[in-house]
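Coordinates in review
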Amino acid sequence: MPGKAVLTGTHFMNGDEACCEGALAAGCRFFGGYPITPATEVAERMSKRLPQVGGVFIQMEDEIASMAAILGASWGGQKSMTSTSGPGFSLMMENIGLGLCTETPCVICNVQRAGPSTGLPTLVGQGDMMQARWGSHGPYEIIALCPASPQEMFDFTIQAFNLSEQFRLPVLIMADEVVGHMNERVVIPPADQITVIDRAKPNVPPAEYLPYHPGPDGVAPMANFGDGYFMHVTGLTHDERGYPTMTPAAQVEMTDRIVGKIRNNLDRILDYETLFLDDAQVAVVAYGISARSARGAVLTAREAGLKAGLVKLNVAWPFPEDFIRELSGRVKTMIMPEINLGQMVLELERLAQGRCAVRLVAHPGGTIISPRRIVEAIRQALEERP
Amino acid sequence: MTTALAAAPPRHPHDDLLRTERIPHIWCSGCGIGIVFGSLMAAITKSGLARQDVAVVSGIGCTGRMAGYIRLDSFHTTHGRAIPFATGLKLARPQGKVIVASGDGDLLAIGGNHFIHAARRNMDLTVICVNNFNYGMTGGQLAPSTPFGAKTTTTPQGNPDEPFNFCALAAACGASYVARWTALHIRRLTNTILEAINHKGFSFVEIVAPCPTAFGRRNKIRGALDLLKFYYDRSVVKNHLAPGEATIDFDHNLVVGKFVEFDRPTFLDHYQMVNRGEVEAWPATGVDASAAGQRKAG
Amino acid sequence: MTGNAQRELVITGFGGQGIILTGNILGKAATIHDGRHATMTQSYGPEARGGACSSQVIVSDSDIPFPYVETPQILVCMSQEGFDNNRPSLIPGGMLIWDTDLVETHDLDPSWSLFEAPATRFAEELGNKMMANIVMLGFLSALTDMVDPESLKKAMLGSVPPQTKEKNEAAFVRGREYGLAILKGKARQGAEVS
């Protein structure tokens, strides 16, 4: 039965479902995945929705295959995605690296649950944040978005596809069980009000095409299978022709490109929101579901006359280094609430370099952090002697 | 003037399908992969398919390098994952022909599960497996094809494992075209690859090929031609033999031929049928609840 | 209860009763039809059917920073286990609602307002006990102004299979009328006492 790609209107849906609708609105037409709690609803909805819009859903035999399939589909010219959670995310790491090395646009939604290992399959966690950054081997930069609501699952999924197409890399949506399973209002705008960005295609004759010769923004135009460019794509270190080149010099050139296209375009990638930072003595820096608790805590603290402010990281990787460095020079304390035992807080510590105190409000997983605990941490921070 | 004297550079019949600027290749002299590569290129040419409509996907290993030398859209992926990558490529562009070319270790050890499931789905891929009985690129370690008792660098006292029969596995999983030749059956191999390319569905071609450098050397068949002939001489052609009986028996019965060829809908055929509502709900006969109850009561 | 402040509700029961759907309908009514904020989260055991499950709904006029309900103001119990496990969380002065035939109450706080309805029995009388949750929704609509009753009915009708709309509407009305009658009775009692 045919259906609309963009379900314009107001909905009450969960984050996993909103992720699917964002993907379809962004032009995703291929999903290869493997069911895993709490991301299964993404696969389930995609299996129903993709055939309605002429796309293909395939349940692969595991997450390794899923990740490989979406890379293949991307080279076949379709916007592609998969969804998973901790154990599956671990299995995807090698092929995420292939996607980074071959500069393949695609989107991976990780609905995080509590780990390590099988952990608490049905309960929330934010323990994959450093794995998202460093989980595949070798030097690279990654983009990871952190939605804090079903609405952001919709919005950020579109953004994830746009960033992946613009910068030619796998983009991660680092959601979590609560955002994935929580139902909330999701407003889907009319299709013509949604910005959709497609990969740049080569505009030179095949004989002149260098598949990895970067354009002015550091990103090379991408030919798809069937376009007649006869490109070679390899996970070996390669030159601008895409040919394996086993030299340290080629390694420098290639990694400069895959790292540089992110580091040199931070203004187009970084995304954070702030609240009450102007006179804040304590800044709560948070991402994903914990940013909701942080916002509640900051509002409560302000009502109590405490000078607290909020930084909500919509993009956690790349980390907004310059901004946090500057912030650390004008607050007494930065607080990071996260549902792990201390991951992104290490970034705060690295950037603060002792200019301000850095405090962690942690939970190993299974439940979200209550605003109460963060308010307590704000109070303590204000009372601490410098 | 020297230019007048210089002959035109020699042209190979497959030059237009080769990334000639990448030649010389990395394969050792005497390796069987080059023969298979030649057959593959000849079959692609004979198929008459438009060049931009054919892609080659490989994993890691010596055979995996084929993707790097063929002037087509070509993908050299991760170890074992050529088939799922090719699956995505094919489903995203169904009008394209996708050929997977890789080694026995890549396709059937680390990638074994993907092989099973692509065959089960009758995914419309042509899978060419060069079986040289070991991991050649890394110096000759144990593969899932290494004969019992054979020496490799990780079975220095002899292989304690039993290898398994790839063609039987492919057929058991649902592959709709299955064949095996040695690297010396060049004409038949080329025809078979052509048939496999033209076949709609999961086609599998296994080529028993010499690796004199790593495998032959450790097993006292050092000469490339000796190893090539060793396999060829022990081969017997038995077309349409039940794949389970198509053994690789080095004493007297290294069975080659075309074992399976039939038509059945591919994954995409079935996917489209299901989504058009053309597939009857399962179970097709419906369930007679009262009869089931009676049986239980009885 | 007024409609302005944040309302937190927990519905508990076992898998297969439509507990999650009930929470979903409440949230839909509040967000889509009443234009307010709402979150619905759920907790469930590993089993798809028969295990304990609960749906947590928050309705508010502003953003909801913390979507978990730790101390509900309204607790709706459609199973004994749900009641036993969640009873201690209900706030003083809160509202306890239960299915007469499925729950035996105990250790009740005198500050709570107590309402029971034979929702499952009503649903059976109407032809399908699977509609007990809808009876309960109707009952709830009479007792609280957490969401507008018309919005709730609309959201309910938009959430059930089309061929069951009529029956579900009857179930909703049955629960709502029963609730209104109880309120009337309580009001009379109150008038007599004063």
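What you are looking at is a predicted structure, and each value in this text was computed from that prediction instead of being measured.

1. A look at the overall build of chain B
- Assigned secondary structure in chain B consists of 11 helices and 9 strands.
- Its C-alpha atoms give chain B principal-axis dimensions of about 95 × 50 × 35 Å.
- Across the 298 residues in chain B, those meeting the buried criterion constitute 51%.
- Contacts in chain B between residues at least 24 apart in sequence constitute 65% of all its contacts with a sequence separation of at least 6.

2. Quick look at the domain arrangement of chain A
Residue and element names in this part refer to chain A.
- Here the domain parsing of chain A yields domain 1 (9-193) and domain 2 (273-383).
- Of the residues lining the interface, 27 residues belong to domain 1; the matching set on domain 2 comes to 22 residues.
- Listed by contribution, the elements that provide at least two residues to the side of domain 1 that touches domain 2 are β6 (120-124), α5 (129-134), β7 (143-145), β8 (170-176) and α7 (177-181).
- Counting residues per element, the side of domain 1 that touches domain 2 draws most heavily on α5, at 4 residues.
- Residue composition of the side of domain 1 that touches domain 2, by class: 19 nonpolar, 5 polar and 3 charged.

3. Thoughts on the nonpolar core
- The biggest cluster of nonpolar side chains holds 270 residues, and the ones touching the most others in it are Ile143, Ala144, Val284 and Ala316 of chain A, Val57 of chain B together with Val135 of chain C.
- Of the residues that make up this core, three or more belong to each of domain 1 (9-193) and domain 2 (273-383) of chain A.
- The residues contacting valine 284 of chain A, other than those within four sequence positions of it, are Ala294, Ala297, Val298, Ala308, Leu310, Ile335, Pro337 and Ile374 of chain A.

4. A few points about the interface of chain C and chain A
- Between chain C and chain A, the contact holds 14 residues from the first and 15 residues from the second.
- When residues of the side of chain C that touches chain A are traced back to their parent elements, those giving at least two are α1 (19-33) and β2 (37-44) of chain C.
- A per-class count over the side of chain C that touches chain A returns 7 nonpolar, 6 polar and 1 charged.

5. Thoughts on helix α4 (residues 86-101) of chain A
Residues and elements named next belong to chain A.
- For α4, which comprises 16 residues, the first-to-last C-alpha distance of 23 Å matches the rise-based estimate of 22 Å (1.5 Å per residue) to within 8%.
- At methionine 93, α4 shows its maximal bend, which comes to roughly 50°.
- Residue glutamate 103 follows α4 closely and has a positive phi angle near 55°.

6. Overview of the packing of helix α1 (residues 15-26) of chain A against helix α6 (residues 150-167) of chain A
Residue and element names in this part refer to chain A.
- Following both chains from N to C, one finds α1 and α6 inclined at 35°, their axes separated by 7 Å at the closest point. Both α1 and α6 take part in a crossing whose hand is right-handed. Seen from α1, the contacting residues are Gly15, Ala18, Cys19, Glu21, Gly22, Ala23, Ala25 and Ala26; seen from α6, they are Pro150, Gln151, Met153, Phe154, Asp155, Thr157, Ile158, Phe161 and Asn162.
- Each residue belonging to the contact of α1 with α6 can be placed in one class, and the counts come to 10 nonpolar, 5 polar and 2 charged.

7. Things to note about the pairing of strand β5 (residues 177-182) of chain B
Residue and element names in this part refer to chain B.
- β5 sits mainly inside the fold: 6 of its 6 residues count as buried.
- Of the strand pairs in this sheet, β5 and strand β6 (residues 203-208) are connected by 6 bridges, and their pairing is parallel. When the sheet's bridge partners are listed, valine 178 is paired in β6 with phenylalanine 204.
- In this view, the connection linking β5 to its parallel neighbour β6 by way of helix α7 (residues 186-198) has right-handed handedness.

8. Some thoughts on the arrangement of the chains
- Inter-chain contacts occur across 2 pairs of chains; the most extensive set of contacts lies between chains A and B.
- Left apart from each other, chain B and chain C have a closest C-alpha approach of 20 Å.

9. Observations regarding the interface of chain B and chain A
- Of the residues lining the interface, 30 residues belong to chain B; the matching set on chain A comes to 37 residues.
- Listed by contribution, the elements that provide at least two residues to the side of chain B that touches chain A are β2 (73-76), α3 (82-92), α5 (112-120) and α10 (267-275) of chain B.
- Here the element with the most residues in the side of chain B that touches chain A is α3 of chain B; it accounts for 8 residues.
- Class assignment for the residues of the side of chain B that touches chain A results in 10 nonpolar, 13 polar and 7 charged.
- In this sheet, β2 of chain B lies alongside strand β10 (residues 232-234) of chain A in parallel orientation, the contact comprising 3 bridges. When the bridges of β2 of chain B are listed, threonine 234 of chain A appears paired with histidine 76 of chain B.

Cut-off values and rules
- Counting starts from 1 at the beginning of each chain's written sequence and moves along it residue by residue.
- Labels follow written order: the first chain is A, the first ligand is 1, and so on.
- Only residues with pLDDT of at least 70 get local features here, since the model is predicted, and only at 80 or more are side-chain atom pairs given and counted; chain-wide, interface and lining totals rely on the full set of residues.
- Numbered from the N terminus, helices here are DSSP runs of H or I no shorter than four residues, and strands are runs of E no shorter than two.
- Comment: burial labels come from other C-beta atoms within 10 Å of the residue's own C-beta, placed from the backbone, where a count of 20 or more is buried, 12 or fewer is exposed, and between is partly exposed.
- Any residue pair is listed as a contact if its two C-beta atoms, each placed from the backbone, are within 7 Å.
- Domain limits in this description derive from either an automatic procedure or a database domain assignment.
- As a working rule, the residues Ala, Val, Leu, Ile, Met, Phe, Trp, Tyr, Cys and Pro are called nonpolar, Asp, Glu, Lys and Arg charged, and the rest polar, with Gly in that last group.
- Connectivity within a nonpolar core runs through C-beta atoms within 7 Å, and the core itself is a set of buried Ala, Val, Leu, Ile, Met, Phe, Trp, Tyr and Cys residues.
- Expected span of a helix, by definition, is 1.5 Å for each gap between consecutive residues, and there is one gap fewer than residues.
- At any given residue, the bend is defined as the angle formed between two axes, one fitted to the seven residues that end at that position and one fitted to the seven that begin there.
- Think of each axis as a best-fit line through the C-alpha atoms, taken over the contacting stretch in the case of a helix, with angles from 0 to 180 degrees between the N-to-C directions.
- It is the rotation of the near helix from the far one that decides the hand of a crossing: anticlockwise by less than a right angle makes it left-handed, clockwise makes it right-handed.
- When DSSP locates at least two bridges between a pair of strands, those strands are taken to pair.
- Here is how to tell: hold the view so the strands point away, follow the path from the first strand over the helix to the second, and if it runs clockwise the crossover is right-handed.

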